[in-house]
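Results of the structural survey
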Amino acid sequence: QVQLVESGGGLVQAGGSLRLSCAASGHTFSFYGMGWFRQAPGKEREFVAAISWNGGSTYYADSVKGRFTISRDNAKNTVYLQMNSLKPEDAAVYYCAAKYTGQTYFSTDYYNPAGYGYWGQGTQVTVSS
């Protein structure tokens, strides 16, 4: 069982930055690929970014490439999402998710939320124009 707790959300002006954190507990963090998803009111949950168990591979939605950066610190059992140049359309509840991969170097599908077994409760990001 993996517990995930997000933090760092809040209200920011367009063009500003936020850094989300997701602290994991309950199992060996380095056995999991980690993802960030978001869901705006009336919309489906969508993929934002993901990172492999060792941080060697990262993946981004086209809408956030060049603005968001995902990273992880396995010593701290934490994954981060640095969000720069925020836009009003980035406003959503952001969820952290864990996907068991083991310490594999084979590629896997990080984009599909159905592949993630554990989810945090979400943190709200609001971007004012």
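Above: the structure in question.
Residues numbered from 1 in each chain as written. Predicted model: local features only at pLDDT ≥ 70, side-chain atom pairs only at ≥ 80, totals over all residues. Heavy atoms only, no water.

With respect to the packing of aromatic side chains
For the structure on display, the rule yields ten aromatic pairs. Measuring from centroid to centroid gives 4.6 Å for phenylalanine 47 and tyrosine 111, while their planes differ by 55°, and the two rings are tilted. With phenylalanine 47 in strand β5 (residues 46-51) and tyrosine 111 in the loop between β9 (92-100) and β10 (118-119), this pair connects stretches of sequence that are 64 residues apart. Relative accessible area serves as the criterion here: at 11%, phenylalanine 47 is assigned to the buried category. Taking the centre distance of 6.1 Å and the plane angle of 80° together, the rings of tyrosine 59 and tyrosine 111 count as edge-to-face. With a gap of 52 residues between them, tyrosine 59 in strand β6 (residues 58-60) and tyrosine 111 in the loop between β9 and β10 connect regions that are remote in the sequence. Accessibility expressed as a relative area gives 18% for tyrosine 59, which makes it buried. Given the relative accessible area of 42%, tyrosine 111 is considered partly exposed. Through pairs of rings, three or more aromatic residues link up here, namely Phe37, Phe47, Tyr59, Tyr110, Tyr111, Tyr116 and Trp119. (Phe/Tyr/Trp six-rings, centres within 6.5 Å; stacked < 30°, edge-to-face > 60°. Helix = DSSP H or I, 4+ residues; strand = E, 2+ residues; numbered from the N terminus. Buried < 20%, exposed > 50% of the residue type's maximum accessible area, 1.4 Å probe, protein only.)

Let's talk about the side chain of arginine 38
Here arginine 38 lies in strand β4 (residues 32-39). One polar contact links arginine 38 to glutamate 46, side chain to side chain, over a distance of 2.6 Å. Those residues within four positions of arginine 38 in sequence are excluded, and the remaining contacts are Glu44, Arg45, Glu46, Val48, Ser63, Val64, Phe68, Glu89, Asp90, Ala92, Val93 and Tyr94. (Polar contact = N/O pair within 3.5 Å; in protein donor to acceptor, adjacent residues only side chain to side chain. Contact = heavy atoms within 4.5 Å.)

Let's talk about the sheet that holds strand β8 (residues 78-83)
Spatial ordering of the open sheet is given by β1-β3-β8-β7, a layout of four strands whose pairing is antiparallel. Edge positions in the sheet fall to β1 (3-7) and β7 (68-73), since each has one partner strand and no second. Shown here is a sheet whose adjacent strand axes are inclined to one another by a mean of 15°, direction ignored. Pairing of strand β3 (residues 18-25) with β8, which is carried by six bridges, proceeds in the antiparallel orientation. (Pairing = 2+ DSSP bridges. Axes fitted to C-alpha atoms, helices over the stretch in contact; angles between N-to-C directions.)

Notes on unusual backbone geometry
Unusually for a residue other than glycine, asparagine 77 sits at a positive phi of about 55°. Mapped onto the elements, asparagine 77 comes out in the loop between β7 and β8. Notably, serine 85 is not glycine yet its phi reads approximately 50°, a positive angle. Relative to the helices and strands, serine 85 resides in the loop between β8 and β9. When its relative accessible area of 40% is taken as the criterion, serine 85 is described as partly exposed.

A word on the state of the cysteines
Disulfide: a covalent bond connecting the sulfur atoms of a pair of cysteines. Inspection of every chain in the model, using the stated rule, returns one disulfide. The disulfide partner of cysteine 22 is cysteine 96, and the gap between their sulfur atoms is 2.1 Å. Handedness here is read from the sign of the S-S torsion; for cysteine 22 and cysteine 96, about -75°, the answer is left-handed. With cysteine 22 in strand β3 and cysteine 96 in strand β9, this residue pair connects regions lying 74 residues apart in the sequence. (Disulfide = S-S within 2.5 Å.)

Here's the deal with the pattern of salt bridges
In the structure shown here, the tally under the stated rule is four salt bridges. Its salt-bridge partner being lysine 65, residue aspartate 62 comes within 3.2 Å of it at the nearest N-O pair. Overall, aspartate 62 belongs to the exposed group, its relative accessible area being 66%. Shared partners join several salt bridges into a network, and the residues in it are Arg38, Glu46, Arg67 and Asp90. (Salt bridge = Lys/Arg side-chain N within 4 Å of Asp/Glu carboxyl O.)

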